[in-house]
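Commentary on secondary and tertiary structure
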Amino acid sequence: MDDGTSQSSAAAPMTRENIPLLTRQRNRWYLFSCWRKWFRPRELRARNVNLGRPNTEKFPPNEIRNQKYNFITFLPLVLFEQFRFFLNLYFLLMALSQFIPDIRIGYPYTYWGPLGFVLMVTICREAVDDLRRHQRDHEVNSQKYKRLSASHGNGYEMVPSSKLKVGDVIVVEKNERVPADLILLRTSDRSGSVFVRTDQLDGETDWKPRLAVPYTQKLSRDADLYNIDASFYVEKPQNDIHSFIATFCMTDGSEDTGLSVENTLWANTVVAAGTATGIVIYTGCETRSVMNNSQPRSKVGLLDTEINGLTKVLFCAVLGLSLVMMMLKGFGGPWYRYMFRFVLLFSYIIPISLRVNLDMGKAFYSWQMQNDDNIKGTVVRSTTIPEELGRISYVLTDKTGTLTQNEMVFKKIHLGIVSHDADTFHHIGQMIQKLSGSILQQQQQQGSLSSSSSAGENTKPIMFAGNRMRRPEGWREWEAVRALALCHNVTPVSDDEDNRSVSTTSTVTGGNNSPTKSVINIEAPGSTDTEHQYQAASPDEIALVKWTEQVGLTLIARDTNTMTLQVKTASDENDILLHYQILQLFPFTSESKRMGIIVRESKTGQITFYLKGADVVMSSIVQYNDWLSEESGNMAREGLRTLVVAKKVLTEEQYNDFETRYNAARLSISDRVAKVAAVTESLEREMELLCLTGVEDRLQENVRPTLELLRNAGVRVWMLTGDKLETACCIAKSSQLIGRNQGLYVLRSVKTRTEAHQELNHFRRKQGHALVISGESLEVCLQYYRLEFLELATASPAVVCCRCSPTQKAQVVALIQKHTRKRTCAVGDGGNDVSMIQQADAGVGIEGREGRQASLAGDFSIPQFSHIAKLLLIHGRRSYKRSAALSQFVIHRGLIITTLQAVFSAVFYLSSVALYQGFLMVGYSTLYTMFPVFSLVLDQDITSETAVTYPELYKDLSKGRSLSYKTFFIWVLISIYQGGVIMYGALILFVDEFIHIVAISFSALIMTELIMVALTVRTWHRLMVLAELFSLALYLISLAVLHEYFDWEFIWSYDFLWKVSLITVVSCLPLYIIKFLRKKCSPPSYLKLS
């Protein structure tokens, strides 16, 4: 019995009731885990990337996608965006109601026609824009690259960038875009170096050197990469473009190699010279460039938001008016049906034509901007937000390429005793020529000593620098010039017929359009004139090396290990060549604020450590002096970028000890950066101060007057740059971003909450000072004291944020928007500015040296920064003023006809019958009044010259007084008055037929609208006059043609004429008198100026 029971129970079907609880929980947990697996964001983690072996782990595809929609989501998302606006949603409901016979009023096309037109225009515009984005993405994703493949005969296969995967080894040619984040394995330069352009990533037009992994660079050919057993351990993907930690590991147990950002090629950078072979480590959304970009958003103007709020008020008015009618009529019978019919009758109080008129107005403003001869080259890429330019309170601008040309000019050098500028530079050249004989003699003596040394004699190098008392005249100048000619990262290249580099191993660079390449002429001994070019990681360094060439010490060759200088003598045939071995190079970092180099002179064997950097760090490194602080302050006040240059002679033992400790620190896995910095700082003590230099970064045309105009207009300007703090401060001063009477407070680097609190308290006491802050300090301040920092920063006359990443720029814009509720405008010219431009209420891209990425991403595109003033003060003002007047007049047009309908219904027994049927309702808002009302887009309150001469007039626009609840209710009162006068006047003056009421009231309504347009206009245009006359003529023709609505005999009678004229005068004359008195007693500010 028990067995049978157990068998029957086992065979019983499993229903919801008899499923064990544990099984149910497991099923739920399974569904929950599937949901988390499908929809949770991908976890970013460190990875091992094998070289020559497949990687089993899955990573994101290497596709670029900037589209907003796909085939399935296009229509739903576009319609959702449109019906988010209450105005469109309201008319959709009204149009749908016309399919119900019991509440249908008039013809359905009077509702569906305008709504369908608005939606069709929007859908077509969004489709075209997204198709263009898809075409640009497809073009980038289809670009083909060489990928190493063991299965192909030639060792390579061509694949599109979208097919690249982590672990692929690819070859990037000169002037090609890097398709993914790579670790550099090999270069065409035997030294393993290559230059890249990073302007689309960090906004800096400087060419940056990158180094291949030493082990893989030594391989004879690329195919050998698949014959080694190695892997890379790389950190998890992150958005910091200035740092990177990885390790190159050989499985044979040999020593690991530490890698840094110098060994990487980030996506969207461009190889400037030679060929680079690299292994893909990050793809798609995990690349540095994508992680620093934000998704494009649909921008909605503040005016549209305000109008959306007004339409909600009007909707409440419709419901309130309908409810009043029902209360008077009584709630007997199917009262809800009558209620809805009243809502339909009064629905014209919210005009659908408002969206049509505003969209056409915006298109006209955009056309005007693009055809303004004073700002040629302006392109409007987003026609939905031109009014935003008239409400801007904060302008956030990039520095490099936006405010500056990124062209450096060497202006001044101070040697402690004497200062030289452009007028006396030739004296330095003369001194070096005089010293050339001593230099040649020294080399010959050292050569003979070297011979003696080889014979076993004990000798010492003969150096003038060994005894200061024996230094001849001009030796100080010589030491300073030689230090500048050696302490840099500049490489000279020739561009002759065979494209042969001056450097014995480096390759020739790209075309002549790089801002960090400078053409020079060098006359080599025994050779014809050859044109050379300089390439470097910074335009500052090029300016310094160009100057040394100008005064007679020319850099003629350089690779990773050696450097050759040419000393110009009095006779060109005896020019001297000085050869140096590069022992160590310490690149500039934002933390150290200095760069250094250790070189050994080939003839003398002397080892010298040269260092140059900002005065704030160098002052504690150099020996005591009494002039450095004062002179660096003087140069900074002139807007010059200052560098302090120093040197230190090392013995062989000192250098060997340093090299041992330095190499050990570089192999450290933990705290590598700190350990390397500590070893380097051990050399930076009691160095001999050589000189102080001043370099000028040329500003863009008319930057100073443009910034002054914006400041006078009440617009606060913030400079967000990825450049160094010292550079940012110099440009802030030279561009007069900071006013003449304003101080500059540099918020020192903070890393803890206590430090941030102290610095903010110090800044609080600096009233009227502009703020300078670094990206790292900004992060700390926002983490602990976000509200306090924003209050202080937004109250500051100007703010400079340096070393900002692209993501930080966008965050700053978002914080200003959230904290102040004011409108922002972002201006930039590089790919690193795209996030900021997309986040701002009005994004302006400058099409310049750094490509078109910012220009294409911006809502507006201009060729130079100086155009921003006229874009805001003239076109922004007119767009906002015109749109405000246009929207209020369209609302008035709906209010007045609704008032007529309400009076008519109230008088005629609260009937829900339309006063004007069919074509009259459609013609009222189209043929009879559309042209005069739309002609308001030609109106202007002041001339362009007045707007620029008196920028203070712009301050009132940010307050939004042209369209506010105050002005709205004034127009409501005007509409109620005029609608009541017209309707009651027609009822009082009509005699016998109802059709006469329609003729009198509708004619008076049209005349009132035409006169009200004339009263609103401030500056007449011939097209305005033409629109008024054309509309009047159309209506007169309609009176003669539309016999269905008008009695022909009554229209031609004298009674019709005087009744319409009387009603029109009574409705308009009091308003004209009020306007006249207001203009005389309390004129607006712009009238006082004119």
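Numbers given to residues run from 1 along each chain, matching the order in which its sequence is written. At least 70 in pLDDT is required for a residue's local features to be given in this predicted model, at least 80 for side-chain atom pairs to be given and counted, and no such filter applies to totals for whole chains, interfaces and linings, which use all residues. Note that the side-chain values use all heavy atoms of the structure and ignore hydrogens as well as water.

**Focus: empty space enclosed by the protein**
Points on a 1 Å grid over protein atoms alone make up a cavity when a 1.4 Å probe fits among them but cannot get out, and a pocket when they form an open set with protein on both sides within 12 Å along at least five of seven lines; lining residues each have an atom within 4 Å of a point. Grid points are joined across faces, edges and corners, and a volume is the space filled by probe spheres set on the points. This model, assessed by the stated rule, comprises 11 cavities of 30 Å³ or more. By volume, the second largest cavity amounts to about 70 Å³. Along the walls of the second largest cavity sit Asn62, Glu63, Ile64, Arg177, Pro179, Ala267, Asn268, Gly284, Thr287, Ser289 and Val290, which together make up its complete lining. Here the term charged refers only to Asp, Glu, Lys and Arg, the term nonpolar to Ala, Val, Leu, Ile, Met, Phe, Trp, Tyr, Cys and Pro, and the term polar to all other amino acids, Gly among them. For the lining of the second largest cavity, the residue count by class is 4 nonpolar, 5 polar and 2 charged.

**A few points about helix α32 (residues 994-1016)**
A run of H or I in DSSP counts as a helix once it spans at least four residues, and a run of E counts as a strand once it spans at least two, with each numbered from the N terminus. To estimate the expected span of a helix, count its residues, drop one, and scale the result by 1.5 Å. Taking 1.5 Å of rise per residue, the 23 residues of α32 would be expected to cover 33 Å, and the 33 Å separating its terminal C-alpha atoms lies within 8% of that figure. Exposed residues in this analysis have more than 50% of their type's maximum accessible area, buried residues have under 20%, and partly exposed residues fall in between, with area computed by a 1.4 Å probe over protein chains only. The element α32 is largely enclosed, with a buried count of 18 among its 23 residues.

**Examining the confidence of the model for the chain**
The share of residues in the chain with pLDDT of 70 or more is 86%, and the mean pLDDT across the chain is 82. Counting interchain partners and residues more than four positions distant, the pLDDT-below-50 stretch residues 449-469 has 27 contacts. Long-range and interchain partners of residues 495-530, a stretch whose pLDDT sits below 50, account for 103 contacts in this model, where long-range means more than four residues apart. The predictor attaches a confidence to each residue, and that confidence, scored 0 to 100, is pLDDT. We call two residues in contact whenever any of their non-hydrogen atoms come within 4.5 Å of each other.

**Details of the pattern of salt bridges**
For this document, the term salt bridge refers to a Lys or Arg side-chain nitrogen within 4 Å of an Asp or Glu carboxyl oxygen. Inspection of the entire model under this criterion finds 31 salt bridges. Residues Arg661 and Asp657 are paired through a salt bridge, measuring 3.2 Å at the closest nitrogen-oxygen approach. A residue pair is termed a helical-turn pair when its members lie 3 or 4 positions apart in one helix, as Arg661 and Asp657 do in helix α17 (residues 652-666) at 4 residues. When salt bridges with common partners are traced through the structure, they connect Glu479, Arg482, Glu601 and Lys647 into a single cluster.

**Overview of the sheet that holds strand β12 (residues 270-271)**
If you trace the 3 strands from one edge of the open sheet to the other, you get β7-β6-β12, paired in antiparallel fashion. Whereas interior strands pair on both sides, the edge strands pair on one side only; in this sheet they are β7 (207-211) and β12. Think of it this way: DSSP has to see at least two bridges between two strands before they count as a pair. Note: strand β6 (residues 193-197) against β7, 5 bridges, orientation antiparallel. From the neighbouring strand, Arg197 faces β7, where its bridge partner is Trp207.

**Notes on the side chain of His414**
With respect to the element layout, His414 can be found in strand β16 (residues 404-414). For His414, a relative accessible area of 7% corresponds to the buried category. In this structure the side chain of His414 is engaged in a polar contact, spanning 3.0 Å, whose partner is the backbone nitrogen of Gly416. For His414, the residues in contact, after removing those within four places along its chain, are Ser419, Trp627, Glu631, Met635, Cys691 and Leu692. Within 3.5 Å is the distance limit for a polar contact, defined as a pair of N or O atoms, with the added protein rule that one can donate a hydrogen and the other accept it, and that residues adjacent in sequence qualify only through two side-chain atoms.

**Describing the sheet that holds strand β14 (residues 379-380)**
Taken together, the 9 strands give an open sheet; going across it, the order is β14-β34-β33-β32-β15-β28-β31-β30-β29, and neighbouring strands pair in mixed fashion. Pairing within the sheet leaves two strands with one partner each, and these edge strands are β14 and β29 (744-746). With 3 bridges joining them, β29 and strand β30 (residues 770-774) adopt parallel strand pairing. By the bridge assignment, Leu744 is partnered in β30 with Ala770. Axis lines are fitted through C-alpha atoms, for helices just across the contact stretch, and the angle between N-to-C directions can take any value from 0 to 180 degrees. Sitting on the sheet, helix α22 (residues 775-784) is in contact with β30 and β31 (798-802), with an inclination near 100° to β30.

**Some thoughts on unusual backbone geometry**
The backbone of Asn175 shows a phi angle near 65°, a positive value even though the residue is not glycine. On the secondary structure map, Asn175 appears in the loop between β4 (169-172) and β5 (181-187). With a relative accessible area of 42%, Asn175 lands in the partly exposed category. With phi around 50°, Glu686 is a residue other than glycine that occupies positive phi space. Structurally, Glu686 is set in the loop between α18 (672-681) and β27 (688-699). The exposure class assigned to Glu686 is exposed, which follows from its relative accessible area of 56%.

**A short note on the nonpolar core**
Definition of nonpolar core: a set of buried residues of the types Ala, Val, Leu, Ile, Met, Phe, Trp, Tyr and Cys, connected through side-chain atoms within 4.5 Å. One finds Phe865, Ile868, Leu871 and Leu872 to be the most contacted residues of the largest nonpolar core, which totals 101 residues. Ranked by the residues each element gives to this core, the list is headed by helix α27 (residues 867-907), at 13 residues. If we ignore the near neighbours within four places in the chain, the residues touching Phe865 are Thr397, Thr402, Leu403, Val703, Thr706, Leu707, Leu710, Val827 and Ile846. The next biggest cluster of nonpolar side chains, apart from the first, holds 44 residues, and it includes Ile432, Leu544, Tyr580 and Ile582.

**Details of α27**
Between the first and last C-alpha of α27 there are 58 Å, a value that for 41 residues agrees with the 60 Å anticipated at 1.5 Å per step. Note on bend: at a given residue it equals the angle between the axes fitted to the 7 residues ending there and to the 7 starting there. Where α27 bends most, at Gly876, the angle is about 30°. Buried residues dominate α27, accounting for 38 of its 41 residues. One or two steps after α27, the chain reaches Tyr909, where phi turns positive at roughly 60°.

**Concerning a nonpolar patch on the surface**
Nonpolar side chains (Val, Leu, Ile, Met, Phe, Trp, Tyr) within 5 Å and like charges within 9 Å form the patches, drawn only from residues with over 30% relative accessible area and no salt bridge. A 1.4 Å probe and the Shrake-Rupley method give the accessible areas. Residues count as covered only by the protein chains that appear here. There is a patch of nonpolar side chains on the surface, built from Tyr977, Tyr1054, Leu1057, Trp1058, Leu1062 and Val1066 and spanning about 590 Å² of accessible area. Looking at the nonpolar patch element by element, the count peaks at 5 residues for helix α35 (residues 1054-1081). With respect to the secondary-structure elements, Leu1057 resides in helix α35. The exposed category is assigned to Leu1057, whose relative accessible area is 52%.

**Regarding the pairing of β27**
For β27, a buried count of 10 out of 12 residues is recorded, marking the element as mostly surrounded by other parts of the structure. Bridge count for β16 against β27 is 7 bridges, and the pairing is antiparallel. Bridged to Thr404 within β27 is Leu699. Looking at chain direction, strand β26 (residues 641-650) and β27 are connected through 7 bridges and run antiparallel. Paired with Ala646 across the bridge in β27 is Leu689.

**A closer look at the packing of aromatic side chains**
Between 30 and 60 degrees the pair is tilted, below 30 it is stacked and above 60 it is edge-to-face, where a pair is any two Phe, Tyr or Trp rings, Trp via its six-membered ring, whose centres lie within 6.5 Å. Tallying each qualifying case throughout the model produces 32 aromatic pairs. Relative to Tyr1035, the ring of Tyr928 lies with its centre 5.3 Å away and its plane at 80°, an arrangement referred to as edge-to-face. With a gap of 107 residues between them, Tyr928 in the loop between α28 (919-925) and α29 (930-934) and Tyr1035 in helix α33 (residues 1022-1041) connect regions that are remote in the sequence. Of the two residues examined, Tyr928 and Tyr1035, each falls in the buried class. An aromatic cluster is present here, built from Tyr916, Tyr924, Tyr928, Phe1002, Tyr1035 and Phe1046 joined pairwise through their rings. The ring of Tyr156 is capped by Lys146, whose NZ or CZ atom sits 5.3 Å from the centre of that ring. Between Lys329 and the ring centre of Tyr338, over which it is positioned, the NZ or CZ distance is 5.1 Å. Working rule: Lys NZ or Arg CZ, within 6 Å of ring centre, within 35 degrees of ring normal, means a charge sits over the ring.

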